[in-house]
Amino acid sequence: MTGMGIPDGLLVALRLSLSLACVTTVIAMLIGVPLAWWLAHGRNWWHDVATSVLTLPLVLPPTVLGFYLLILLGPSGLGALAVDFH
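The structure presented is a predicted model; accordingly, all values stated were derived computationally and were not measured. (Residues numbered from 1 in each chain as written. Predicted model: local features only at pLDDT ≥ 70, side-chain atom pairs only at ≥ 80, totals over all residues. Heavy atoms only, no water.)

Focus on the overall build of the protein
Right, so step 1: When helices and strands are tallied, the protein shows 5 helices and 0 strands.
Right, so step 2: N-terminal to C-terminal, the α/β element order of the protein is α-α-α-α-α.
Right, so step 3: Here the protein holds 86 residues, and 7% of them are scored as buried.
Right, so step 4: For the protein, the accessible surface area stands at approximately 7300 Å², while carbon and sulfur atoms represent 79% of it. (Helix = DSSP H or I, 4+ residues; strand = E, 2+ residues; numbered from the N terminus. Buried < 20%, exposed > 50% of the residue type's maximum accessible area, 1.4 Å probe, protein only. Areas by Shrake-Rupley, 256 points an atom, 1.4 Å probe, with all protein chains shown as cover.)

Here is the structure:
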């Protein structure tokens, strides 16, 4: 317990959550801003593919995308390749 009656575990969890939020925000901005610029100004065949992939979360519910990620990264998908590679 700290002097204010806050458990130490709570402070650790709060510090971890805030630091992780900051790191993921920076990573998302480093990837997202150039990608947004490219999508706004680029005109090639990859533009249509990237737009389709990036709009999937708006069209499909999160449970469907989670299921597809499980299939993709599971033991019979890319996850098997990662285990074999290791």
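A look at the packing of aromatic side chains
Right, so step 1: In the structure shown here, the tally under the stated rule is 2 aromatic pairs.
Right, so step 2: Ring centres of Phe-67 and Tyr-68 lie 6.1 Å apart, and the angle between their planes is 45°; this geometry places the pair in the tilted category.
Right, so step 3: What makes Phe-67 partly exposed here is its relative accessible area of 47%.
Right, so step 4: With relative accessibility at 47%, the residue Tyr-68 sits in the partly exposed group. (Phe/Tyr/Trp six-rings, centres within 6.5 Å; stacked < 30°, edge-to-face > 60°.)

Points about a nonpolar patch on the surface
Right, so step 1: A contiguous nonpolar surface patch, about 490 Å² in accessible area, is contributed by Val-23, Val-26, Ile-27, Leu-30 and Ile-31.
Right, so step 2: On the accessibility criterion, Leu-30 (63% relative accessible area) is exposed. (Patch = residues over 30% accessible without salt bridge, like charges linked within 9 Å, V, L, I, M, F, W, Y side chains within 5 Å. Salt bridge = Lys/Arg side-chain N within 4 Å of Asp/Glu carboxyl O.)

Digging into the packing of helix H1 (residues 8–41) against helix H2 (residues 45–54)
The relative placement of two packed helices comes down to the angle between their axes together with the axis-to-axis distance.
Right, so step 1: Between H1 and H2, the least distance of the axes is 10 Å, while the angle of their chain directions is 125°. For the element pair H1 / H2, the angle class is oblique. For H1 against H2, the interelement crossing comes out left-handed. Of H2, the residues touching H1 (which contributes Leu-35, Trp-38 and Leu-39) are Trp-46, His-47, Ala-50, Thr-51 and Leu-54.
Right, so step 2: Looking at the contact of H1 with H2, its residues break down into 6 nonpolar, 2 polar and no charged. (Axes fitted to C-alpha atoms, helices over the stretch in contact; angles between N-to-C directions. Parallel < 35°, antiparallel > 145°, perpendicular 65-115°, else oblique. Left-handed = near helix turned anticlockwise from the far one by under 90°. Contact = heavy atoms within 4.5 Å. Nonpolar A, V, L, I, M, F, W, Y, C, P; charged D, E, K, R; others polar.)

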